Amino acid sequence: MLARQFHRWLGLIAGPFLVVLAVTGFMLAIDAIAEQRARPAEAPAGLSVAEFTASLARHGSLERLVVTPAGAIVAQFTAPRRRAVVDPADGSLHPVVEAGDPIRMATEVHRSLMLGGPGRVILALGTAAGLLLTATGLLRLRRGERGDGTVRRLHRRLGLVFALPIAVSAATGLGLAAVAVFPLEVDGVRPAFPAMLTEGDRLPVAAVEALRAVAVRDLEELVLPRPDDPEDGYFLATADAYAWIDPVDGRIAATRQRPAVHRLATAMLRIHAGRGVMATAVPLGLGAVAVVALGLTGLSLVDGVFRRRRHVVSGSSIEADTIILVGSQRGTTWSFAERLAAQLVELGHSVDLAAMNSLASAYPNAARLLVLTATHGVGEAPVSAARFLDRLPHAKLPPAFAVLGFGERDAVAFCGFAEAVHTVLAAAGASPILPLHRIHRRSETDYAAWVERLLVALGTKAISG
């Protein structure tokens, strides 16, 4: 019961933000898939940064190389001035495809709701709520909560099928939010420019030993020394370290290791954004669609609960003519009780719906008591009815009652607690409206038949549907 209420209210509060994240995330996933299809192949395993950089000399004066989160290598030239994506297999250049306005806007909304720092915090909290919703949803399934109805079954199956991609997306999103808050702790601090570099003629880039030792696959950024500045050097950033490289002797002049968490942050970014990882872009994109569907089906279920409860005189046992008490271990019996309460209200009854543990000392206007209860263990009371039998001797009961038990026929005591409740109520002087009825595995057919018999006994006409 607690997990169900927590799941419901958390979904209502965080749902709008999760839908925003899902819609914009789906747009970015589609963009990532398109980018991945257009991106050149990955660099050969043995290709060094020195060899690769030297091969680009035929295209002009190279200034800088940057590897995007998608794995594309972007070269910036000073003469002629241009930017291009490089195919590491043959060194050919391709146009840089800039993101359009819709994708740029979706990115900003996805990161911060276009509100800067406060927006990042709001979305981080919403993402954490998404993880909790996934956990509580799986917990309810593990406990055996099922429920009825097409919408409820769809909601449950969507959550089960897409639990993993939704959890991965939420966890990596939270990690990236932390990276945005603590960038220096993740990216590290660049070393200071070396106080002195070797004087003399610069080596050809293909002969720079420090660059020959680095594979293109490990490269994040390379800034070449300016031709007009004899005191400038190479700046190199890899996944593991920053370094200044002497262009004359080709050795590392200053270096600083990057935090170990940097590799983890890079992996989280590529997984979360689906950039360069087609295997994650597709399921995470489908997971985003599932979040929207879960939000809509969840809202439909909550709206149905509130509509039913709107007609129930909840907490007004003094006014009610019909008292419905519920004994439930995992929350599933409540759905049957809520439907029964709504149907009775539509037939003109005033109803109070409560847990069996909430048995009042008296019901002055009640003509009947209806008990819907599961059985826990071997004939034991479920959690919401654990105190019912102890409180019963001190209560003034309505004159008539009916008990409906839920359980499984192969149990040691099939609906044993419901039978005990029926016996005690009869012994207390109340008259049974119907004999004790047992329902196997929440059978809708058996439930509908029992409701029909109950309404006939009450002298009212059943409402179809």
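In this report, we go over the structure that sits alongside the text. Per chain, residue numbering runs from 1 following the sequence as it is written. Under the rules for a predicted model, residues below a pLDDT of 70 receive no local features and side-chain atom pairs below 80 are neither given nor counted, while totals for whole chains, interfaces and linings still include all residues. Where side-chain values are given, they derive from all heavy atoms of the structure, hydrogens and water being excluded.

1. A closer look at the overall build of the protein
Consideration 1: Scanning the protein from N- to C-terminus turns up 14 helices and 14 strands.
Consideration 2: At 33 Å, the protein has a C-alpha radius of gyration far larger than the 23 Å of a compact globule built from 465 residues.
Consideration 3: Seen through its C-alpha atoms, the protein measures out along the principal axes to roughly 110 × 40 × 40 Å.
Consideration 4: For each residue, the accessible area found with a 1.4 Å probe, counting protein chains only, is set against the maximum for its type, and the residue is called buried under 20%, exposed over 50%, and partly exposed in between. Out of the 465 residues belonging to the protein, those deemed buried represent 46%.
Consideration 5: Taking the intrachain contacts of the protein between residues at least 6 apart in sequence as the baseline, contacts between residues at least 24 apart amount to 71%.
Consideration 6: Each accessible area is a Shrake-Rupley estimate made with a 1.4 Å probe; only the visible protein chains count as cover when residues are assessed. Within the structure as shown, the protein displays about 23,200 Å² of accessible surface, and the carbon and sulfur contribution to it stands at 60%.
Consideration 7: Once the 47 positive and 41 negative side-chain charges of the protein are each reduced to a mean point, those two points are 10 Å apart. Secondary structure elements are taken from DSSP: a helix is a run of H or I of four residues or more, a strand is a run of E of two residues or more, and numbering for both begins at the N terminus. Note that the radius of gyration is over C-alpha atoms, with the globule rule given as 2.2 Å times the number of residues to the power 0.38. Two residues qualify as a contact provided that any one of their heavy atoms is within 4.5 Å of a heavy atom in the partner residue. When charges are tallied, Lys and Arg are placed among the positive residues and Asp and Glu among the negative ones, while His and the ends of the chain are skipped. Working definition for charges: the position is that of NZ of Lys, CZ of Arg, CG of Asp or CD of Glu.

2. Some words on the pairing of strand β7 (residues 241–245)
Consideration 1: Counting buried positions along β7 gives five out of five residues, so the element sits mostly inside the fold.
Consideration 2: With burial as the criterion, each face of β7 is covered, one bearing Ala-241, Ala-243 and Ile-245 and the other bearing Tyr-242 and Trp-244.
Consideration 3: Pairing between two strands is assigned when DSSP locates at least 2 bridges connecting them. Bridge count for strand β6 (residues 234–238) against β7 is four bridges, and the pairing is antiparallel. Looking at β7, one finds that Ala-237 is bridged to Tyr-242.
Consideration 4: The antiparallel hairpin formed by β6 and β7 contains two residues in its connecting segment.
Consideration 5: Here five bridges tie β7 to strand β8 (residues 252–257), and the two strands are oriented antiparallel to one another.

3. Focus: helix α4 (residues 117–142)
Consideration 1: Here the expected length of a helix is defined as 1.5 Å per residue gap, with one fewer gap than residues. A rise of 1.5 Å per residue sets the reference length of α4, with its 26 residues, at 38 Å; its end C-alpha atoms lie 38 Å apart and thus fit the reference within 8%.
Consideration 2: Burial in α4 covers these residues: Gly-119, Leu-123, Ala-124, Gly-126, Thr-127, Ala-129, Gly-130, Leu-133, Thr-134, Thr-136, Arg-140 and Leu-141.

4. Some details on the pattern of salt bridges
Consideration 1: Here, a salt bridge means any side-chain nitrogen of Lys or Arg that lies within 4 Å of a carboxyl oxygen of Asp or Glu. Throughout the structure, instances matching the rule amount to 13 salt bridges.
Consideration 2: With its nearest N and O atoms 2.7 Å apart, the salt bridge here joins Arg-226 to Asp-229.
Consideration 3: A relative accessible area of 46% places Arg-226 in the partly exposed class.
Consideration 4: Between Asp-232 and Arg-226 there is a salt bridge, with the nearest N and O atoms lying 3.6 Å from each other.

5. A word on the environment of Ala-239
Consideration 1: Note on placement: Ala-239 falls in the loop between β6 and β7.
Consideration 2: As a C-alpha pair, Ala-239 and Gly-416 span 177 residues in sequence and 64 Å in three-dimensional space.

6. Here's the deal with the packing of aromatic side chains
For any pair of aromatic rings, the description rests on two quantities: the centre-to-centre distance and the angle between the ring planes.
Consideration 1: Stacked, tilted and edge-to-face are the three classes assigned to paired rings of Phe, Tyr and Trp, where Trp is represented by its six-membered ring and a pair needs centres within 6.5 Å; plane angles under 30 degrees give stacked, over 60 edge-to-face, the rest tilted. Across all of its chains, the model carries five aromatic pairs by this definition.
Consideration 2: Ring geometry for Phe-336 versus Phe-406: centroids 4.9 Å apart, planes at 40°, classification tilted. Here the residue Phe-336 occupies a position in helix α11 (residues 332–346), and Phe-406 occupies one in strand β12 (residues 400–407), the gap between them amounting to 70 residues.
Consideration 3: Cluster of aromatic residues (ring-pair linked, three or more members): Phe-193, Phe-235, Tyr-242 and Trp-244.
Consideration 4: A ring is scored as having a charge over it whenever the NZ atom of a lysine or the CZ atom of an arginine sits within 6 Å of its centre and within 35 degrees of its normal. For Arg-82, the ring lying beneath its charged end belongs to Phe-77, and the centroid distance is 5.2 Å.

7. Some details on the environment of Lys-396
Consideration 1: Position of Lys-396 relative to the elements: it lies in the loop between α12 (388–391) and β12.
Consideration 2: Sequence-wise, Lys-396 and Leu-131 are 265 residues apart; in three dimensions their C-alpha atoms are separated by 46 Å.
Consideration 3: Among residues more than four places away in sequence, those in contact with Lys-396 are Ser-361, Ala-362 and Tyr-363.

8. Here we look at the sheet that holds strand β1 (residues 61–67)
Consideration 1: Taken together, the eight strands give an open sheet; going across it, the order is β4-β3-β2-β1-β5-β6-β7-β8, and neighbouring strands pair in antiparallel fashion. The sheet terminates laterally at β4 (93–94) and β8, the two strands that pair on one side only.
Consideration 2: With six bridges connecting them, β1 and strand β2 (residues 73–79) associate as antiparallel partners. Paired with Val-66 across the two strands is Val-74, which belongs to β2.

9. What about unusual backbone geometry?
Backbone geometry follows two general trends: most residues other than glycine have a negative phi, and most peptide bonds adopt the trans configuration.
Consideration 1: Cis geometry marks the peptide bond from Ala-79 to Pro-80, where omega comes out at -5°.
Consideration 2: With respect to the helices and strands, Pro-80 occurs in the loop between β2 and β3 (81–86).
Consideration 3: With a phi angle near 60°, Met-114 is a residue other than glycine that sits in the positive phi range.
Consideration 4: Along the chain, Met-114 falls in the loop between α3 (101–112) and α4.
Consideration 5: Here Met-114 falls in the exposed class, since its relative accessible area comes to 51%.
Consideration 6: Positioned with a positive phi, Cys-415 is a non-glycine residue whose angle comes to about 55°.
Consideration 7: The topology assignment puts Cys-415 in the loop between β12 and α13 (416–427).
Consideration 8: With relative accessibility at 1%, the residue Cys-415 sits in the buried group.

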